[in-house]
Amino acid sequence: MIKDITLGQYFPGRSALHRMDPRMKLLLTIGYIVMLFLVRNPAGFALCAVFLAAAYLVARIPMKMIAKSIRPILPIILFTGLLNLFFIEGDPIFSWWIFKLTKQGIYTSVTMAVRIVLLIAGSSLLTYTTSPIALTDAIERLLSPLRAVHFPAHELAMMMSIALRFIPTLIEETDKIMSAQKARGADLESGSLLQRAKALIPIMIPLFISAFRRAEELALAMECRCYHGGEGRTRMKQLQFSAVDFWAAGATALAIAGIILLNQFLGQPF
């Protein structure tokens, strides 16, 4: 099941979202995150969900990819939801020992879970439609004004891109190691939580060794190609904004304005 994790993967395509400037996609993703944290009522969450669904349809990314991107963090969502469900003060519905179920707790738990799901799904769309190289160029261009204070924009963008690119590789490597350990009789799924944690040790050690080996090979390959950072480097492809970028920026601005109006007229339920 670990091989179904899609975090950090890129799906090539020719949709309008794929053809957008990566700088604009990065800025609009930040705008979408801000929009999510501005929401104060269910109508606002519905608007965010419709906006995200429309973006997935435009990108021609199957909606089932949302479930795959959410699956790895599902335990965190459930744990956060339970904490908010029983430990938020308000009008009590049910009380037992230190646990207290309130209307405010139910609302906070549901909204927190929905916000995290929409946040992960929206952030995943950026990597689904943007190649690691394009994302590196976008981050570097957006951080380039900081070069005036000697900020290593290119090096930071390169590190983020490499880390993002190696996520699917490490997931695939983990799946191979787990399959090899199971073939040797390792039991990774039964027993108590402590026993299952101990069973992961034979997986983590070869995974770390493989990661260090890949890092060393990558460093050697970059050195052989005379890579010395971003100073004086040129680009084969120049980034340019197009009409699609401005249409997308306008749609995002309208969605943010809609959230603000819904907050103004509907307010917060509790």
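Given the structure is predicted, the values throughout are model-derived calculations rather than measurements.

### Concerning the pattern of salt bridges
Part 1 of the reasoning: This model, assessed by the stated rule, comprises two salt bridges.
Part 2 of the reasoning: Here R23 ties to D21 by a salt bridge, and the two come within 3.0 Å at their closest N and O atoms.
Part 3 of the reasoning: Classification of R23 by relative accessible area gives buried; the value is 14%.
Part 4 of the reasoning: Judged by relative accessible area, D21 falls into the buried class, the value being 3%.
Part 5 of the reasoning: Ionic pairing is found between E173 and R214, a salt bridge with its closest N-O pair at 3.1 Å. Of the two residues, E173 sits in helix α7 (residues 153-183) while R214 sits in helix α9 (residues 201-224), which places them 41 residues apart along the sequence.
Part 6 of the reasoning: A relative accessible area of 16% places E173 in the buried class.

### Overview of the side chain of T129
Part 1 of the reasoning: Summarising the element assignment, T129 is placed in helix α5 (residues 103-129).
Part 2 of the reasoning: A distance of 2.9 Å separates the side chain of T129 from the backbone oxygen of L125, its partner in a polar contact.
Part 3 of the reasoning: With near-sequence residues (within four places) excluded, T129 lies in contact with Y10, L17, H18, K25, A59 and I61.

### Here's the deal with the nonpolar core
Part 1 of the reasoning: Among the nonpolar cores identified, the biggest contains 28 residues, and C48, Y56, I61, L118 and L125 are the most heavily contacted of them.
Part 2 of the reasoning: In terms of residue count, helix α2 (residues 42-59) provides more of this core than any other element does, six residues in total.
Part 3 of the reasoning: Beyond its immediate stretch of four places on either side in the chain, L118 contacts Y32, L36, F45, C48, A49 and L52.
Part 4 of the reasoning: Counting five residues, the second largest nonpolar core, distinct from the first, contains L26, L126, L135 and A157.

### What about the packing of aromatic side chains?
Part 1 of the reasoning: If you walk through the whole model with that rule in mind, you get five aromatic pairs.
Part 2 of the reasoning: Between Y32 and F51, the aromatic rings sit 6.2 Å apart at their centres with planes inclined by 20°, giving stacked as the arrangement. Of this pair, Y32 sits in helix α1 (residues 22-38) while F51 is found in helix α2, placing the two residues 19 residues apart along the sequence.
Part 3 of the reasoning: The buried category is assigned to Y32, whose relative accessible area is 4%.

### A closer look at the packing of α1 against helix α6 (residues 132-143)
Part 1 of the reasoning: Packing of α1 against α6 brings their axes to within 8 Å, and their N-to-C directions diverge by 75°. The orientation of α1 relative to α6 falls into the category roughly perpendicular. Contacts between α1 and α6 involve P22, R23, L26 and L27 from the first element and A134, L135, A138, I139, R141 and L142 from the second.

### Description of a nonpolar patch on the surface
Part 1 of the reasoning: Among the surface-exposed residues, L27, I30, V34, L38, L142 and I260 lie close enough to one another that they form a single nonpolar patch of about 470 Å² accessible area.
Part 2 of the reasoning: Counting residues per element, the nonpolar patch draws most heavily on α1, which supplies four residues.
Part 3 of the reasoning: On the secondary structure map, L27 appears in helix α1.
Part 4 of the reasoning: A residue is classified by how much of its surface remains accessible, and L27, at 42% relative accessible area, is partly exposed.

### What about α6?
Part 1 of the reasoning: Over its twelve residues, α6 extends 16 Å from the first C-alpha to the last, a length consistent with the 16 Å expected when each residue adds 1.5 Å.
Part 2 of the reasoning: Within the span of α6, buried status applies to A134, L135, T136, D137, A138, I139 and E140.
Part 3 of the reasoning: Those residues of α6 that are buried are in contact with α1, α5 and α7.

### Observations regarding unusual backbone geometry
Part 1 of the reasoning: With a phi close to 60°, R60 is a non-glycine residue in the positive phi region.
Part 2 of the reasoning: Take R60: it is sitting in the loop between α2 and α3 (64-70).

### Examining the packing of helix α4 (residues 74-86) against α5
Part 1 of the reasoning: Viewed as axis vectors pointing N to C, α4 and α5 meet at an angle of 160°, and their least axial separation amounts to 7 Å. The angle between the axes of α4 and α5 places the two elements in the roughly antiparallel class. The chirality of how α4 crosses α5 is right-handed. When α4 is examined against α5, the residues I77, T80, G81, N84 and L85 are found in contact with a partner set consisting of G105, I106, T108, S109, M112, A113, I116 and V117.
Part 2 of the reasoning: The class makeup of the residues in the contact of α4 with α5 is seven nonpolar, six polar and no charged.

The rules behind these values
- Residues numbered from 1 in each chain as written.
- Predicted model: local features only at pLDDT ≥ 70, side-chain atom pairs only at ≥ 80, totals over all residues.
- Heavy atoms only, no water.
- Salt bridge = Lys/Arg side-chain N within 4 Å of Asp/Glu carboxyl O.
- Buried < 20%, exposed > 50% of the residue type's maximum accessible area, 1.4 Å probe, protein only.
- Helix = DSSP H or I, 4+ residues; strand = E, 2+ residues; numbered from the N terminus.
- Polar contact = N/O pair within 3.5 Å; in protein donor to acceptor, adjacent residues only side chain to side chain.
- Contact = heavy atoms within 4.5 Å.
- Core = buried A, V, L, I, M, F, W, Y, C linked by side-chain atoms within 4.5 Å.
- Phe/Tyr/Trp six-rings, centres within 6.5 Å; stacked < 30°, edge-to-face > 60°.
- Axes fitted to C-alpha atoms, helices over the stretch in contact; angles between N-to-C directions.
- Parallel < 35°, antiparallel > 145°, perpendicular 65-115°, else oblique.
- Patch = residues over 30% accessible without salt bridge, like charges linked within 9 Å, V, L, I, M, F, W, Y side chains within 5 Å.
- Areas by Shrake-Rupley, 256 points an atom, 1.4 Å probe, with all protein chains shown as cover.
- Expected span 1.5 Å × (residues − 1).
- Left-handed = near helix turned anticlockwise from the far one by under 90°.
- Nonpolar A, V, L, I, M, F, W, Y, C, P; charged D, E, K, R; others polar.

These figures come from the coordinates and say nothing about function on their own.
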